[in-house]
Amino acid sequence: MRTVDEHRAALLALVSALPPVTVALSEALGRVLAADVVAAVDLPGFDNSAMDGYAVRSADVAGASGDSPVVLDVDGDIAAGDTRRHVLRPGAAMRIMTGAPLPEGADAIVPVESSDGGVSRVAVTLAAEVGRHLRLQGEDVRVGDVVLHAGARLGPGQVALAAASNVAELTVAARPRVSILSTGDELVLPGQPLEHGQIVDSNSVMLAALVTAAGAEVVGSGHLDDDAAAMRSLLQDPPGEPDLILTTGGVSMGAYDTVKEVLSATGTVDFVKVAMRPGMPQGAGVVGERRTPIVTLPGNPVSSFVSFHVFVLPVLRALAGLEWEQATAGSVAAQGWSSIEGRAEFTRVVLDTDGVRPSGGQGSHMLGALADATHLAVVDAATTQIQPGDAVRLLPLVGQD
Ligand code: AMP
Ligand code: MG
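Parameters and conventions
- Residues numbered from 1 in each chain as written.
- Chains lettered and ligands numbered in written order.
- Predicted model: local features only at pLDDT ≥ 70, side-chain atom pairs only at ≥ 80, totals over all residues.
- Heavy atoms only, no water.
- Buried < 20%, exposed > 50% of the residue type's maximum accessible area, 1.4 Å probe, protein only.
- Helix = DSSP H or I, 4+ residues; strand = E, 2+ residues; numbered from the N terminus.
- Arc of directions from axis to C-beta.
- Salt bridge = Lys/Arg side-chain N within 4 Å of Asp/Glu carboxyl O.
- Pairing = 2+ DSSP bridges.
- Patch = residues over 30% accessible without salt bridge, like charges linked within 9 Å, V, L, I, M, F, W, Y side chains within 5 Å.
- Areas by Shrake-Rupley, 256 points an atom, 1.4 Å probe, with all protein chains shown as cover.
- Lys, Arg positive; Asp, Glu negative; His and termini not counted.
- Charge placed at Lys NZ, Arg CZ, Asp CG, Glu CD.
- Near = heavy atom within 4 Å.
- Polar contact = N/O pair within 3.5 Å; in protein donor to acceptor, adjacent residues only side chain to side chain.
- Nonpolar A, V, L, I, M, F, W, Y, C, P; charged D, E, K, R; others polar.
- Axes fitted to C-alpha atoms, helices over the stretch in contact; angles between N-to-C directions.
- Core = buried A, V, L, I, M, F, W, Y, C linked by side-chain atoms within 4.5 Å.
- Domains from an automatic or database assignment.
- Contact = heavy atoms within 4.5 Å.

Visitor: Got a minute to help me understand helix α1 (residues 4–12) in this structure?
Guide: If you check which residues of α1 are buried, you get Val 4, His 7, Arg 8 and Leu 11. Seen from one end, α1 has its buried residues packed into an arc of 100 degrees, which puts them on one side.

Visitor: Honestly, the pattern of salt bridges in this entry has me stumped. Any pointers?
Guide: Where charged atoms from two side chains of opposite charge come close, those side chains can pair. In this structure the tally under the stated criterion is 9 salt bridges. Between Arg 95 and Asp 77 there is a salt bridge, and its shortest N-O distance comes to 2.8 Å. Placement of Arg 95 in strand β6 (residues 92–96) and of Asp 77 in strand β5 (residues 70–78) is noted, with a sequence separation of 18 residues between them. Among the ionic contacts, a cluster of salt bridges with common partners joins Asp 73, Asp 75, Arg 89 and Arg 121.

Visitor: Hey, could you run me through unusual backbone geometry in this one?
Guide: Negative phi is the rule for most residues except glycine; trans is the rule for most peptide bonds. For the peptide bond that leads from Leu 43 to Pro 44, omega is -15 degrees, which places it in the cis range. Along the chain, Pro 44 falls in the loop between β2 (37–38) and β3 (48–49). Cis peptide bonds are those with omega within 30 degrees of zero, and the linkage from Arg 277 to Pro 278 qualifies with -5 degrees. Residues other than glycine seldom take positive phi values, yet Asn 166 does so here, at roughly 65 degrees.

Visitor: When you look at the pairing of strand β4 (residues 53–56) in this model, what are you seeing that I'm missing?
Guide: Within a regular beta strand, the side chains point alternately toward one face of the sheet and then the other, so they alternate between its two faces. With 3 bridges connecting them, β4 and β6 associate as antiparallel partners. In the strand pairing of β6, Gly 53 is matched with Ile 96. One ladder, built from 4 bridges, connects β4 with strand β7 (residues 108–111); its direction is antiparallel. From the neighbouring strand, Val 56 faces β7, where its bridge partner is Ala 108.

Visitor: Is there a simple way to explain a negative patch on the surface in this structure?
Guide: A surface patch of like charges, here negative, comprises Asp 185, Glu 186, Asp 225 and Asp 227. Here Asp 227 shows up in the loop between β15 (217–224) and α5 (228–236).

Visitor: Teacher, can you tell me more about the site of ligand 1 here?
Guide: Surveying the vicinity of ligand 1 reveals 17 residues, the closest of which are Glu 186, Asp 201, Gly 250, Gly 299 and Asn 300. Note that an oxygen atom of ligand 1 is positioned 2.6 Å from one of the side-chain N or O atoms of Glu 186. Contacts to ligand 1 include Ser 252, whose side-chain N or O atom sits 3.2 Å from an oxygen atom. Elements represented by at least two residues in the shell around ligand 1 include exactly β12 (177–183), β14 (199–200) and α4 (202–213). Classifying every residue of the shell around ligand 1 gives 4 nonpolar, 10 polar and 3 charged.

Visitor: What exactly am I supposed to notice about the pairing of strand β27 (residues 391–396) here?
Guide: Inspection of the sheet shows strand β21 (residues 329–332) paired to β27 by 4 bridges, in the antiparallel sense. Residue pairing in the sheet places Gly 330 in a bridge with Arg 393 of β27. Inspection of the sheet shows strand β25 (residues 375–379) paired to β27 by 4 bridges, in the antiparallel sense. Following the sheet pairing, Val 378 is matched in β27 by Arg 393.

Visitor: So what exactly am I meant to see when it comes to the sheet that holds β6 here?
Guide: Think of a sheet as strands paired side by side through backbone hydrogen bonds, with each pair either parallel or antiparallel. Read across the sheet, 5 strands follow the order β7-β4-β6-β5-β8 without closing on themselves; strand pairing throughout is mixed. Each edge of the open sheet is held by one strand with a lone partner, namely β7 and β8 (121–124). Averaged over all pairs of adjacent strands, the angle between their axes in this sheet comes to 40 degrees, without regard to strand direction. Relative to β8, β5 is paired through 4 bridges, and the arrangement is antiparallel. The residue bridging Asp 73 from the neighbouring strand is Arg 121, located in β8.

Visitor: Just to check I follow, could you spell out the nonpolar core for this structure?
Guide: One broad rule of soluble globular proteins: the nonpolar side chains tend to lie buried together. Of all hydrophobic cores here, the largest spans 39 residues; its most connected members are Val 4, Val 178, Leu 244, Leu 246, Phe 308, Val 312 and Phe 346. No other element matches the 11 residues that helix α7 (residues 301–319) contributes to this core. Each of domain 1 (4–18 + 175–319) and domain 4 (329–396) gives at least three residues to this core. Ignoring anything within four residues of it in the chain, the contact list for Phe 346 reads Val 4, Met 276, Arg 277, Pro 278, Val 306, Val 310, Gln 362, Leu 376, Ala 377, Val 378 and Leu 395. Judged by nonpolar contacts, the second largest core, of 16 residues, contains Leu 25, Leu 33, Leu 43 and Val 141.

Here it is as structure tokens:
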């Protein structure tokens, strides 16, 4: 039997990084930067007003107060977007709006609230000191600064910073294109009537959701019966030119395990047992003329889900050219549970204020407990019993962060 780490290493050896791509800012949300972003401008780009009010020389308003206002001539208006270069005459003020460029010679803003709001002359009641209500050029970001680093995930704030830095396109990690194939005669699409012995194909939607949440792209999702000939011809030339194929089902020890039967014969896919629970039967290799990497996941929904977190996630990261490190969090057991010897166990748990407890039945077919879970707790192969209060290592669930 392989260890989890050994199997993961075998999978990673099947893939190489896709080249990064350039996207417009409008397409960048959720992507991961593949290159640093360097500011093309200072932020702010020029000294400007933080308030609607009057640009003044602080010396001219020294001593102004509610009791003894200082009266100044108003030499004109400067609105946001005014591209002229104004000069402030000593002894005068200019009406200025938020974001408008400061006239040369001015060194403070008197907010309109600290004045009588005059248009040709203004009575100022605030002794605004040097720098009052000014936004200074470059105080936030300097031209040439690295404002976002490679590896950063782009959220709304990061996209806004790139835009303000006058960078219109970003170099981001490729989104691996993934094809999903569920197999099994018993499977029916969600919403269809079920005959006795049939079940709904939940793995297809689950895997599509996981792939999407992991930042990859689903380029095809379909179902095949346990029909060796159909499977052979589909996998010989996988539609949609995926970077990775995921299959579910048909890899156990039984008859009608068609994925295993068909792909074993190719000689390019290995089927192995991995010392883990759930998820022991695993397979991986390459198929078709394009030698597309394929990972054959077990059919049991929970096994498939756990296998995705443990094996497929790092493969997707590698395809995207990104570092992968098993994300873990520490907690304690709020309740004890037993674990099988000799296999790493991934227990579905609920994290609460007092620690974690199993989310319910741990059978590999039990989606109820899976849907309740907030994390997977990793119990190493040597541990057979978790005691209340024991330290527990948790894997976050993809799409729930
Ligand atoms: P198999 O690996 O094909 O023997 O399947 C193992 C178990 O997982 C069986 O109980 C299947 O019915 C179930 N199963 C297989 N594929 C799916 C699927 N796409 N959705 C839900 N359950 C599945
Ligand atoms: Mg099957």
